[in-house]
Amino acid sequence: MIDTFLSVFQPDVLLMVFIGVVIGNIFGCIPGLNAPIAVALALPVTFLIDTIPAMGLLLGLYFGATSGGLVSAVLLRIPGTASNVATCFDGYPLAQKGRAADALSYGAFASFFGGIFSSLVLVTLAPLLAKLAIAFGPWEFFGTALLSLVLVSVMMGEKMLKSFIVICIGLLMKCVGLSPVDSVALRYTFGIKSLEAGFNLVVVIIGIFAIPEVISSVGKMDQKVISTKLEKKLFYIPSWREIKDNLGVMLSSSVLGTIIGIIPGMGGGAASLISYEQAKKTSKHPETFGTGNPAGVFSCESANNAVTGGALVPMLALGVPGDTVASIIMGAMLLQGVTPGPLLSMNNPELFQGILILAFITNIAMFLYQASTIRVMAKIAEIPKSILMPIITVFCLTGTISIRNNPFDLIYVMMIAVLGYIFDKNGYPFAPFILANVLGEPLESNLRRSIMYHGSFVKCCVQPSIGTVFVFLSVVLVIFAVVRASRASSNKRTNDTQQKKV
Amino acid sequence: MGELIFNAILAAVAVVLFALTYSFPTSIFDKSGGAGMYPRIVITILVILLIIRTIQILSSEEEKQRKFVFLEIFKGPRLVYFLVTLAYFLLVKYVGFILMTIAYLIFMILFFYRLQEEKNPSRKTISIVSVTVICGVILLNYVFCDVLGVLLPVGLIGF
């Protein structure tokens, strides 16, 4: 453990955490940019540095971007990321009342509280889960991967069908290249040498997240930003009384956020909205919510940051990421030759414990940075898109080319960008697509290994194992979701007919 | 209608990919169903889902009327961005990172400025943008090539 501390408390690691937090915060506070884009653009840099500093950079970006969105949500009423939608409800009215600095300090503290809470859960739960999962074989890993893909789609509600479609597209994309297990067949390469290694995950992530966002922003270039003035302070922190009054709200929101983070597919957006509603329901004055109640800011900001630690629990313990950014981080680890999952704690305990410690350090760094630079961040949120968007495109190019210096990657990154734009504009969710790209290879290889080991798929399904439970649960979940969706649509149809009659 | 065409194209591609799975070589020691088994399962599920989605669209008036966004990429400023970026990505290997990036950034920033401000940039703006971009790109090239060791394209003219 002392070795781990020594390896984490190195100047280069701390510098990477700080750089990650700063850039993450900038990405978070600029509307249109978010954590997945920040992490995706930083991925190529991680290949050039050691694993622990790389993890420091990625966690800094992840936590920083999740929290940074509160600045534009409070000052401009534009949520920087989906996680900060609920922050607008009470943060912006507070700013309108001349209490913008208060609202931002509530958000910064709540983010810190939620982040530290979920890091504690991460430290407690991840090693425990990893120990339980250490006996997992191919069938159990297949079951876990299948269940997480199903869970992601089922959680999408109305978008469930579209989610399953993008999962299949993602899984199919992962079939391109040399077949796993046998390593004999070259699939769907059409004689193109560059396709033999398959589509590069980083290129896919850059193509699906960053470029479509720029294309989308081009149509909104004429939108003007109206700035809000902030009072000068050295350190923006809420008073002890305000913290004490909202401790219960922060605690319950952090619990909710962490649980939502652990469940694949829900993410910070859902966490902040659910915890906001929960805080409103349990409040003595629910009518004040939406008019500038500090509890509104405390609840959603602690919940969305609690998601970060929660999402890392299944990633580190089971090799199943809890949200989109965790998927990208998992992809980065895989590309570094580190496989997240139960064996990580056994094969690479220093890295496993290092990530747990980094979660705390990053949260502390994020709070210190945010509480002292809110005025600067407010200015950054006003940077015109005309400057930002071309720069992001250049980073997409440098990011894509630095992976393997292959011009072919630059061609298909644009094709994936078009696909990403179609997905984005027509309600096809990104998260399941990325998850399918991350889990595609282990899903196939573990399925085929299970069949080889047990003889057939049917024989796999009768094994008394947790893998069978997960596969069974996946099927039940799909059936349950289909029944629920068809009931909802028939109810809607009946209502529409009745309304037409009236 | 747009989504129906999108689904039809996806389904057609899926059918072709399904047929191709039978051409994948299989090792005699491989008892897992071969390299084609897994893509066949995925494609079958995908086609079933696309059929369900098509039925869903056809049976709902709301879905039928919903606009499918695709061609917007190829219209107006988005088309300019798309084509210029595509040209940038394709030509960077031949022209080189520094020259191509400077040209791309100056053009795009001034183009977006015109869209955002609804007026042409002044000579002063053009000069400031140009000088900042040139210095920024040289710095970026230094960071990537000399500090991070990334091989950025030097192009035919050597930089």
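Everything numeric in this text was worked out from a predicted model, so none of it was measured.

A. Quick look at the overall build of chain A. Within chain A, the secondary structure is distributed over 21 helices and two strands. Rg of the C-alpha trace for chain A: 23 Å, near the compact-globule value of 23 Å for 502 residues, within the 12% margin. Dimensions along the principal axes, computed over C-alpha positions, put chain A at roughly 70 × 70 × 45 Å. By residue count, 60% of the 502 residues in chain A fall in the buried class. Long-range contacts, defined as pairs at least 24 residues apart, comprise 79% of the intrachain contacts of chain A with a sequence gap of at least 6.

B. Inspection of the interface of chain A and chain B at higher detail. Across the contact, 47 residues belong to chain A and 51 residues belong to chain B. Contributing elements (two or more residues each) for the side of chain A that touches chain B: helix 8 (160-173), helix 9 (201-218), helix 17 (385-404), helix 18 (407-425) and helix 19 (430-454) of chain A. By residue number, the principal contributor to the side of chain A that touches chain B is helix 17 of chain A, which donates 11 residues. Partitioning the side of chain A that touches chain B into residue classes produces 32 nonpolar, eight polar and seven charged.

C. Structural context of helix 9 of chain A. In this model helix 9 of chain A runs 26 Å from its N-terminal to its C-terminal C-alpha over 18 residues, within 8% of the 26 Å that 1.5 Å per residue would give. In terms of residue burial, helix 9 of chain A counts as a mostly covered element, since 17 of its 18 residues are buried.

D. Geometry of the domain arrangement of chain B. Taken domain by domain, chain B comprises domain 1 (2-68) and domain 2 (75-147). Using C-alpha coordinates to define each centre, domain 1 of chain B is positioned 40 Å away from domain 2 of chain B.

E. Inspection of the environment of B:Phe82 at higher detail. Relative to the helices and strands, B:Phe82 is located in helix 4 (residues 76-95). Taking the number of C-beta atoms within 10 Å as the measure of exposure, B:Phe82 has 21 and is therefore buried. The contacts of B:Phe82, once residues within four sequence positions are left out, are A:Ile215 and B:Ile73.

F. Local environment of the environment of B:Cys145. Residues and elements named next belong to chain B. Within the secondary structure, Cys-145 sits in helix 6 (residues 123-147). Classification of Cys-145 as partly exposed rests on a count of 15 C-beta atoms within 10 Å. Distance from Cys-145 to Val-16, taken between C-alpha atoms, is 43 Å for residues 129 residues apart in sequence.

G. Summary view of the confidence of the model for chain B. Residue-level pLDDT values for chain B average 89, and 98% of them are 70 or greater. In the model of chain B, helix 3 (residues 61-65) of chain B stands out as the element of lowest mean pLDDT, 80, in contrast to helix 2 (residues 37-59) of chain B, which has the highest, 94.

H. Broad picture of the nonpolar core. Counting 206 residues, the largest nonpolar core has A:Val39, A:Leu58, A:Ile205 and A:Ile329 as its most contacted members. Sorting elements by how many residues they give to this core places helix 6 (residues 100-133) of chain A first, with 17 residues. Residues from two domains meet in this core; each of domain 1 (2-68) and domain 2 (75-147) of chain B gives at least three. Ignoring anything within four residues of it in the chain, the contact list for A:Ile205 reads A:Ala40, A:Leu43, A:Ile328, A:Gly331 and A:Ile434.

I. Looking closely at unusual backbone geometry. Of note, A:Phe190 is a non-glycine position whose phi angle comes to about 50°, a positive value. With respect to the element layout, A:Phe190 can be found in the loop between strand 2 (186-187) and helix 9. By the C-beta count within 10 Å, which is 8 here, A:Phe190 ends up exposed. In the Ramachandran plot, B:Glu118 falls in the positive-phi region, its phi being about 55° despite a non-glycine side chain. With respect to the helices, strands and loops of the structure, B:Glu118 is situated in the loop between helix 5 (97-117) and helix 6.

Rules and cut-offs
Position numbers for residues count from 1 along each chain, tracking the sequence in the order it is written. Chains carry letters and ligands carry numbers; both start at the beginning, A for chains and 1 for ligands, and go up in the order they are written. A pLDDT threshold of at least 70 governs which residues receive local features in this predicted model, and a stricter bar of 80 or more applies before side-chain atom pairs are shown or counted, although totals over entire chains, interfaces and linings include all residues. Helix and strand definitions here come from DSSP, where helices need a minimum of 4 consecutive H or I residues and strands a minimum of 2 consecutive E residues; each element is numbered from the N-terminal end. Using C-alpha atoms as the atom set, the radius of gyration is obtained and then compared with a globule rule of 2.2 Å times the number of residues to the power 0.38. Exposed residues have 12 or fewer other C-beta atoms within 10 Å of their own C-beta, buried residues have 20 or more, and residues in between are partly exposed; the C-beta atoms are placed from the backbone. Here, residues touch in the contact sense if the C-beta positions derived from the backbone fall within 7 Å of one another. Classes in brief: Ala, Val, Leu, Ile, Met, Phe, Trp, Tyr, Cys and Pro nonpolar; Asp, Glu, Lys and Arg charged; the others, Gly included, polar. Expected helix span is taken as 1.5 Å per residue step, with the number of steps being one fewer than the number of residues. Marked domain ranges trace back to an automatic or database domain assignment. Scored from 0 to 100, pLDDT records how confident the predictor is in each individual residue. Residues enter a nonpolar core if they are buried, belong to Ala, Val, Leu, Ile, Met, Phe, Trp, Tyr or Cys, and are joined to the set through C-beta atoms within 7 Å.

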